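Report on the structure
One letter stands for each residue in the lines below.
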Amino acid sequence: MKICRTVAECRAAIGEFRKAGETVGMVPTMGFLHAGHMSLVALAKSRADRTVVSIFVNPTQFGDSADLDAYPRDETRDLEMLRAAGVDLVFMPDVDTMYPPGDETIVETTRLANIMHGQVRPGHFRGVTTVVCRLFNIVQPDTAFFGEKDYQQLQVIKRMVADLHMPVKIIGGTTVREPDGLAMSSRNVRLSAPDRAAALVLSRALNKAETIMTQHPTQRALREAIVSVIASEPRAALKGLDIAAAESLTEIDGPLTGPAAIMLSVAFGDILLIDQRVVTP
Ligand code: PAF
């Protein structure tokens, strides 16, 4: 497995794959890998000749520096996991490589980035699209893989790729869960034991929403049912609940007649967890 830290090294290695006529699948990550990332790696391996993983904790998508500093990192373990999974190349740039001194270019999906989760974390999706655009320009993959758990992120990236005519196909991977239903996240390790137990309220709320959908509820009735499940858990603070049309993420008013994405952000102390589900009536 080749480890590249500079753009020149990465381009040279990818150039070798291209010379051999091989396709490249990419999994962008911020490291501290878990089963969710590894399922994307497995998907990439099944869809492309060569698999490239990037590890870069992107400062521009964090609201405050405390959250950035607290972000868990374990380079040695990450590399062991990727080697064992048969990844061909890992791109691990530093901040100055991704954001060269004097840098001033941003990429933003102006509507999608600033609704829903984007209102809870202003500037977050602009940071994501800016870094993913730069990573795509360096690696130039044929396909790139993102988890469906970050549902709005997936839609934001699909929009950016379509709008900027980027020659990369975006593929979503289904959410991997702990045995008890909690969506895998690098943040889970920071939860205290009582918060870890309380965090199951996210999947309980989504299960309830799925059951209610069979009764063709209005958007408001569905929202009230989800809010009441979250409110039943005193350790949980609901930070965001969006119910929107599954692809355009436009708000739905009145009865739910087509596929709807439910996106939840719930805080346990200073740790924000997200989960989502697409439900059909
Ligand atoms: O989903 C993530 O881990 C990050 O938002 C991404 C896509 C790697 C961009 O930094």
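The following paragraphs examine the structure supplied in this document. (Residues numbered from 1 in each chain as written. Predicted model: local features only at pLDDT ≥ 70, side-chain atom pairs only at ≥ 80, totals over all residues. Heavy atoms only, no water.)

Attention shifts here to the site of the ligand. Taken together, Pro 28, Thr 29, Met 30, Asn 58, Gln 61, Val 128, Val 131, Val 132, Phe 146, Asp 150 and Gln 153 make up the full set of residues near the ligand. One nitrogen or oxygen atom from the side chain of Gln 61 is found 2.6 Å from an oxygen atom belonging to the ligand. Here Gln 153 contributes a side-chain N or O atom positioned 2.7 Å from an oxygen atom of the ligand. Considered on its own, the ligand offers 290 Å² of accessible surface; in the complex 90% of this is hidden by protein. Of all the secondary-structure elements, those providing two or more residues to the shell around the ligand are β2 (24-29) and α7 (124-139). When residues of the shell around the ligand are assigned to their parent elements, the largest contribution, 3 residues, is made by α7. (Near = heavy atom within 4 Å. Polar contact = N/O pair within 3.5 Å; in protein donor to acceptor, adjacent residues only side chain to side chain. Areas by Shrake-Rupley, 256 points an atom, 1.4 Å probe, with all protein chains shown as cover. Helix = DSSP H or I, 4+ residues; strand = E, 2+ residues; numbered from the N terminus.)

This paragraph deals with the packing of aromatic side chains. Scanning the model with the defined rule gives 3 aromatic pairs in all. Aromatic side chains Phe 56 and Tyr 99 sit 6.3 Å apart centroid to centroid with 35° between the ring planes, which places their arrangement in the tilted category. Here Phe 56, found in the loop between β3 (50-55) and α3 (65-70), pairs with Tyr 99, found in the loop between α5 (95-98) and α6 (117-120); they are 43 residues apart in sequence, far enough to count as distant. Accessibility classification places Phe 56 together with Tyr 99 in one group, the buried group. Geometrically, the ring pair formed by Phe 62 and Tyr 71 is edge-to-face, given 5.5 Å between the ring centres and 75° between the ring planes. Overall, Phe 62 belongs to the buried group, its relative accessible area being 9%. (Phe/Tyr/Trp six-rings, centres within 6.5 Å; stacked < 30°, edge-to-face > 60°. Buried < 20%, exposed > 50% of the residue type's maximum accessible area, 1.4 Å probe, protein only.)

Our next topic: unusual backbone geometry. The phi angle at Met 116 is positive, at roughly 50°, despite the residue not being glycine. Position of Met 116 among the secondary structure elements: in the loop between α5 and α6. With a phi angle near 50°, His 216 is a residue other than glycine that sits in the positive phi range. Tracing the backbone shows His 216 in the loop between α10 (201-213) and α11 (219-231).

This part covers the packing of α10 against α11. When two helices pack together, their arrangement is given by the angle between their axes and by how far apart the axes lie. Contact geometry for α10 and α11: axes closest at 9 Å, N-to-C directions at 150°. On the basis of the axis angle, α10 is roughly antiparallel to α11. As α10 runs across α11, the sense of the crossing is right-handed. Within the contact between the two elements, α10 uses Val 201, Arg 204, Ala 205, Lys 208, Ala 209, Ile 212 and Met 213 and α11 uses Leu 222, Ala 225, Ile 226, Val 229 and Ile 230. Its residues assigned to classes, the contact of α10 with α11 comprises 10 nonpolar, no polar and 2 charged. (Axes fitted to C-alpha atoms, helices over the stretch in contact; angles between N-to-C directions. Parallel < 35°, antiparallel > 145°, perpendicular 65-115°, else oblique. Left-handed = near helix turned anticlockwise from the far one by under 90°. Contact = heavy atoms within 4.5 Å. Nonpolar A, V, L, I, M, F, W, Y, C, P; charged D, E, K, R; others polar.)

Nothing here speaks to function; it is all geometry.
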